[in-house]
Amino acid sequence: MILLLLLGWILRQVSDFLGFPLPNLTPLLSVMGTVGLILIVMEGALELEYDRSKLPLIKRSLIVSFFPIVALSMALAFLFMHFGGYTFKMSLVNAIPLAVISSSIAIPSAKNLSSHNREFVIYESSLSDIFGVLLFDFFLLNDTINAGSLLHFGGQLIAIVVISFIASAGLSLLLSKIDHHIKFAPIIFLVILIYALSKIYHLPALVFILAFGLFLGNLDQLQRFSWIKRLHPAGLDIEVKKFKEISIEAAFVVRAIFFILFGYVIETQELLNPDTLLWATGIVGGIFLIRAIQLKLTGIPITPLLFLAPRGLITILLFLSIPVTLQIDLVNRPLVTQVIILTALVMMSGLIFSKKKSKDGKQDDLTL
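Not measured: the values here are computed from a predicted model.

What counts as what
- Residues numbered from 1 in each chain as written.
- Predicted model: local features only at pLDDT ≥ 70, side-chain atom pairs only at ≥ 80, totals over all residues.
- Heavy atoms only, no water.
- Helix = DSSP H or I, 4+ residues; strand = E, 2+ residues; numbered from the N terminus.
- 1 Å grid on protein atoms, 1.4 Å probe; cavity = no way out; pocket = protein on both sides within 12 Å on 5 of 7 lines; lining within 4 Å.
- Points joined across faces, edges and corners; volume = space filled by probe spheres on them.
- Core = buried A, V, L, I, M, F, W, Y, C linked by side-chain atoms within 4.5 Å.
- Buried < 20%, exposed > 50% of the residue type's maximum accessible area, 1.4 Å probe, protein only.
- Contact = heavy atoms within 4.5 Å.
- Patch = residues over 30% accessible without salt bridge, like charges linked within 9 Å, V, L, I, M, F, W, Y side chains within 5 Å.
- Areas by Shrake-Rupley, 256 points an atom, 1.4 Å probe, with all protein chains shown as cover.
- Salt bridge = Lys/Arg side-chain N within 4 Å of Asp/Glu carboxyl O.
- Phe/Tyr/Trp six-rings, centres within 6.5 Å; stacked < 30°, edge-to-face > 60°.
- Lys NZ or Arg CZ within 6 Å of the ring centre and 35° of its normal.
- Axes fitted to C-alpha atoms, helices over the stretch in contact; angles between N-to-C directions.
- Parallel < 35°, antiparallel > 145°, perpendicular 65-115°, else oblique.
- Left-handed = near helix turned anticlockwise from the far one by under 90°.
- Nonpolar A, V, L, I, M, F, W, Y, C, P; charged D, E, K, R; others polar.

**Q** What is the right way to look at unusual backbone geometry in this model?
**A** Most peptide bonds adopt trans geometry, and most residues besides glycine take a negative phi value. Here the bond from Thr303 into Pro304 is cis, since omega is 5 degrees, no more than 30 degrees from zero. Structurally, Pro304 can be placed in the loop between α13 (274–297) and α14 (313–320).

**Q** Looking at this model, I keep getting lost on empty space enclosed by the protein. Mind explaining?
**A** Any empty space left between atoms is shown by rolling a water-sized probe over those atoms. Summed over all chains, the structure comprises two cavities of 30 Å³ or more. The space that makes up the largest cavity amounts to roughly 100 Å³. What lines the largest cavity is a set of 14 residues, among which Pro68, Ala99, Ile101, Ile287 and Arg311 lie closest to the centre. Of the volumes computed, that of the second largest cavity is approximately 50 Å³.

**Q** What am I meant to see in the nonpolar core here?
**A** Proteins that are soluble and globular tend to have nonpolar side chains buried together. Phe208, Ile209, Phe212 and Phe243 are the most contacted members of the largest nonpolar core, which has 112 residues in total. Leaving out residues up to four positions away in the same chain, Phe212 has contacts with Met42, Ser168, Leu171, Ser172, Ile187, Val191 and Phe243.

**Q** Looking at this structure, I do not really get a nonpolar patch on the surface. What am I missing?
**A** Nonpolar side chains collect at one region of the surface, where Leu3, Leu6, Ile10, Val14, Phe17, Leu18, Phe20 and Leu22 lie side by side and expose about 890 Å² of accessible area between them. Residue placement: Leu3 occurs in helix α1 (residues 2–17).

**Q** For this particular structure, what's the right way to read the pattern of salt bridges?
**A** Summed over all chains, the structure comprises four salt bridges. The residue Arg291 makes a salt bridge to Glu124 at a minimum N-O spacing of 2.4 Å. With Arg291 in helix α13 and Glu124 in helix α6 (residues 115–141), the pair connects residues that are 167 residues apart, well separated along the chain. Residue Lys199 is joined to Asp137 by a salt bridge in which the shortest nitrogen-to-oxygen separation is 3.2 Å. Of the two residues, Lys199 sits in helix α8 (residues 184–200) while Asp137 sits in helix α6, which places them 62 residues apart along the sequence.

**Q** How should the packing of aromatic side chains be read in this particular structure?
**A** Each aromatic ring pair is specified by the distance between its two centres and by the angle formed by the two planes. One pass over the structure, following the stated rule, counts eleven aromatic pairs. A ring pair is formed by Phe78 and Phe88, whose centres lie 6.1 Å apart and whose planes are at 45 degrees; its orientation type is tilted. With Phe78 in helix α3 (residues 55–84) and Phe88 in helix α4 (residues 88–95), this pair connects stretches of sequence that are ten residues apart. Three or more aromatic residues joined by ring pairs make a cluster, and in this case those are Phe184, Phe208, Phe212 and Phe243. Residue placement shows Arg12 over the ring face of Tyr264; its charged tip is 5.4 Å from the ring centre.

**Q** Just to check I follow, could you spell out the environment of Pro301 for this structure?
**A** Here Pro301 is to be found in the loop between α13 and α14. Taking the C-alpha atoms as reference points, Pro301 and Asn117, 184 residues apart in sequence, are found 9.5 Å from one another.

**Q** Before we go on, may I ask you to explain the packing of helix α7 (residues 147–177) against helix α9 (residues 205–217) in this structure?
**A** Relative placement of two packed helices is described by the angle separating their axes and the distance separating the axes. For the pair α7 and α9, interaxial distance at closest approach is 9 Å and the crossing angle is 45 degrees. By the angle class used here, α7 and α9 are oblique. For the crossing formed where α7 meets α9, the hand is right-handed. Contacts between α7 and α9 involve Ile160, Ser164, Ala167, Ser168, Ala169, Leu171, Ser172 and Leu175 on the former and, on the latter, Ala205, Val207, Phe208, Ala211, Phe212, Phe215 and Leu216. Within the contact of α7 with α9, the residues separate by chemical class into twelve nonpolar, three polar and no charged.

**Q** Before we go on, may I ask you to explain the side chain of Glu124 in this structure?
**A** Overall, the relative accessible area of 1% leaves Glu124 in the buried class. In contact with Glu124, not counting residues within four places along its chain, are Ser61, Val64, Ser65, Ile101 and Arg291.

Right, here's the structure in full:
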């Protein structure tokens, strides 16, 4: 990610130096980011194999993904209220984007971890994206928090679960029945369309993406249901493997374009803005402090999972989604940029240190 951001920034400097500035590319960030988020969460879900033995892992992922978002969001909201004099709703809506782990960075960064840690990161970061979007939309769309708003929210969750079940079965049937040599691109476009329609009706659309990926990736576990046999799971498994490969390639391309675009729109003064650097450093410190406490309390080994809490694509998407009427001066593009880069640097340094330490440990074992 850092290299892609740097490439985008260099392209900006070169285009300005040559007197060939490109048009404003900021509006494209939202589009590319949304498509990238869909593909990345789906890619991660396709890699997850579910069985009952993994229930403890899923429970821990739920806890570690949810409570840090709530704790950090509340802490930042009270700080924004105290130092900026903003309302609680304004402060909380601006705080939530900074509290969400970016699956677009965490999942690819976990490729070289052990299978157990990699699965944990996929579950945790995907659920963090989902919880972050759910909380963001909930507080953004509700002026008051009461029984009515909570019931409406519960109805939305039930609706998206039903939609996810029907859509996953329908898309799987299409995947098994289409004989044309072009079949995967239409499926991906349909997934994006269902996601977009769900967002229009303010439904938690990422739940559908996660459910669809888990459904396709765990057909073997579902063969005990008679209606699954109609999908011809043996033949569908072959198509799912091809679909997974296409999804991985597409996710990489979209993610690369997104971060190059983001690097291009970054202003040099934003990276070195002293007014936001202190806030950014404090926020990053709070992120890893809360994460360390959460991992310790849940009995999860701190190294190397402590360092895998980057901010990125989802943070930018939610930040760009804040209405003008709810924006606050304390949370601006320089602050968001600095938090993203600092968390990425911490993750990179931590993973390098953990890998080196692991190699040293293996050498010691061999020596003994």
